[in-house]
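These are the residues of each chain, in order.
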Amino acid sequence: MKNLSFIILVLLVSCTGSHQSKEDQFVQNLLSQMTLEEKVGQLNQRTSQWEMTGPAPESSSDLLEDLKKGNVGSMLNVAGVAETYEAQKIVVENSRLGIPLLFAYDVIHGYQTMMPIPLGESASWNPQLVEESAKAIAEETAAAGVHWTFAPMIDVGRDARWGRVMEGAGEDPFLTSALAVARVKGFQGNDLEETNTIAACAKHFAAYAFAEAGREYNTVEIGDETLHNIVFPPFKATTEAGVATVMNAFNTIQGLPATANSYLQRDLLKGQWNFDGFVVSDWNSIGEIQTHGAASDLKEAAERAIKAGSDMDMEASAYVKYLAELVEQRRVDEALVDDAVRRVLHLKYRMGLFRDPFRYCNEVKEKEVIGSQAIHELSRKVARESMVLLKNEEQLLPLSKDVKSIAVIGPLANDKDVPLGSWRAKAITNSAVSVFEGIQNAVSADVSVQYSKGCNLAINERSFYTELTLSETEQADFNDALDLAKNSEVVVLVIGEDCFQSGEGRSQTDITLKGQQLNLFQAIYEVNKNVVVVLMNGRPVAIPELAQKAPAILETWFAGNQAGHAIADVLFGAYNPSGKLPMTFPRNVGQCPIYYNHKNTGRPNKSDEHVFWSHYTDSPNSPLYPFGYGLSYTTFEYSDLKLNKNEMTTLDSVMVSVKVKNIGERIGEEVVQLYIRDLAATYARPVLELKGFEKIELKAGEEKVLTFSLSAKELGYYLPNGSFQFEKGAFKVFVGTNSQELLEASFIVR
Ligand code: NOJ
């Protein structure tokens, strides 16, 4: 039975008045009834014990008792209508005020139906599609009783060694911002009160992806200019788009833990950017303030975190243990606690939880929505748009309909699990369509499609939670695979990484393909030159040998549940590939971090006479495949790059137009990319900066003129002190098909 206070809460919600003031009044009223302990309870987030996405907590207190007492404001890793209903019931029926829980879960690229991993989805360069995908993900998630996802991860990442690049949108702040906003809109919709939307969480604030040497959770040393121009823009953009929550980060930045950083959380986020949601810590990141050596005990860590603006404590139990005491001892002003609680209550109100704490709990809907045909169809569509054609010599692809025999070879060729990727929430093990299945399904019965594994991935045990173990280098026995290759017209070789080689806690010092995979390719290539390499991986991989020899390479990332069908769509030309790399592919790991928007250095130019220029002696500087790169089965010709003026003022804008024509024989989509270069500024600017893009579809022979506008917003930059500045001087503008093949024009800002 509901307690009396909860009924009063419900009555309060339904009283009249303007929407905003009604919400404010409700929250204020509730806050005024809360004891200090109850307030602190709202700031405490606990994991369920049956699913862990971080180090298992020491069970210092009894979760059930805490729930009953109102000591928990939010839970993570509780998902499913039955589960969320049960936990909610305990809180609503037993705690004094019956304030409902907020259920959070890491729904990163799907709840049960997996879309491609975020890095893959980002390769679509299609914000509309990405929004559609997030919307469908939100529908599945909400139908499972979950209110809040810890996504999108919007850390701009430049280092392929860092396993979590799979979770972001790559190396560019402009692209990341556009896709981050799309994801937030998709998750949250127009109204968080709708029960098919969920609250989003922009994470990790800030600079987590800049971990030294790409090693997970490592120290971050980053300059203020890079913070403002590269790291912050996606966070600012999602704040402007109304993201409900932000997660802070594990790392220190210049020695200060992000969780204890009041410049980040108070001055910038809640101050300058007016963020009205709340900040959740990362898993025990409040506790880790002490481990970093920036607090002498957990109590001091709690003090630093709340003062710095971390509102909710995920899994450190630091607030629930010490915050009330800190207030009583006047080390922390209760107004800070009130502000944090108010933010949490506002979200609960906006989601309608005070009206009905069980409004997301509908078992019929859960069954109907999760795993629907519609979401699987969308997953296939998103997957094929995320694929990047890296190489296609002599138009080996698309495969001809007349092919009579196809050998599908490789450790991932018939794998039904790896395509689901890491961070897979409630995905069903082995539920993806394998490439072998996809190809079989795509061809007529008279085509011979045969499979041979060839070799293993060299991974013995795999799970999200525990360390991967690599097997001893196995003795390669490629005989069956070679026989099959010899007797087939074409080989589709599916190789890459295990999905748990990337994701949290999965940094690598080597980004080549593990085990015997390259040898398998070489051996197959000896007996059959028609090898199409299909790659699955969660980070840029170093594949110079493949890039040199393989006639065709298709990057498919981890493409989700419909992987095999989507890959077959591309291989046979039912879909003309249109993906572009959101992250540079290096030649070797020694080039990492490698990114297109680097500074020029004082010595960029190659010298044949001496060694004193910025380079390696054992590798070119250039990447294997540049940012923005990706081929199509048709060809796009760029011409007529024009500016409407050659001079402008700082208050003005310049219009840039370009003609793009499909000069091939089939319909295709192209991502037209616009970059700028500020040639001389007070602070050295990058050699290229993406400032516009548009994905267009052109029929064979069709042409289109595209126009972009450049003004202060695109042409200015942030000084290290955070102020935005638009300096006069000469600029270059570039438009083209990737960050290396570009038309160029110039203008001056007077
Ligand atoms: C730690 C990760 O860094 C964060 O992104 C995730 O949301 C939490 N664990 C919760 O699982």
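Residues numbered from 1 in each chain as written. Predicted model: local features only at pLDDT ≥ 70, side-chain atom pairs only at ≥ 80, totals over all residues. Heavy atoms only, no water.

For the coordinates displayed, the defined rule picks out 45 salt bridges. Across the pair Glu121 and Arg183 runs a salt bridge whose closest N-O atoms are separated by 3.1 Å. With Glu121 in helix α6 (residues 118-122) and Arg183 in helix α8 (residues 173-188), this pair connects stretches of sequence that are 62 residues apart. By relative accessible area, which is 5% here, Glu121 ends up buried. Overall, Arg183 belongs to the buried group, its relative accessible area being 7%. Arg685 is the salt-bridge partner of Glu225, the closest N and O atoms lying 3.0 Å from each other. Here Glu225 is found in helix α9 (residues 224-231), whereas its partner Arg685 is found in the loop between β22 (668-678) and β23 (689-698), with 460 residues between them in sequence. What you see here is one network of salt bridges that share partners, running through Asp106, Arg164, Glu167, Lys203 and Glu504. (Salt bridge = Lys/Arg side-chain N within 4 Å of Asp/Glu carboxyl O. Helix = DSSP H or I, 4+ residues; strand = E, 2+ residues; numbered from the N terminus. Buried < 20%, exposed > 50% of the residue type's maximum accessible area, 1.4 Å probe, protein only.)

This part is about unusual backbone geometry. Residue Ala206 is reached from Phe205 by a cis peptide bond, and omega for that bond is 10°. One can find Ala206 in the loop between β5 (201-205) and α9. Phi at Ala207 is positive, roughly 70°, even though this residue is not glycine. Locating Ala207 in the fold gives a position in the loop between β5 and α9.

This next bit is on the environment of Ser310. Tracing the backbone shows Ser310 in the loop between α13 (298-308) and β10 (313-314). With relative accessibility at 0%, the residue Ser310 sits in the buried group. In this structure, the C-alpha to C-alpha distance between Ser310 and Leu43, residues 267 residues apart in sequence, is 9.5 Å. Engagement of the side chain of Ser310 in a polar contact is seen with the side chain of Gln265, the distance being 2.9 Å. (Polar contact = N/O pair within 3.5 Å; in protein donor to acceptor, adjacent residues only side chain to side chain.)

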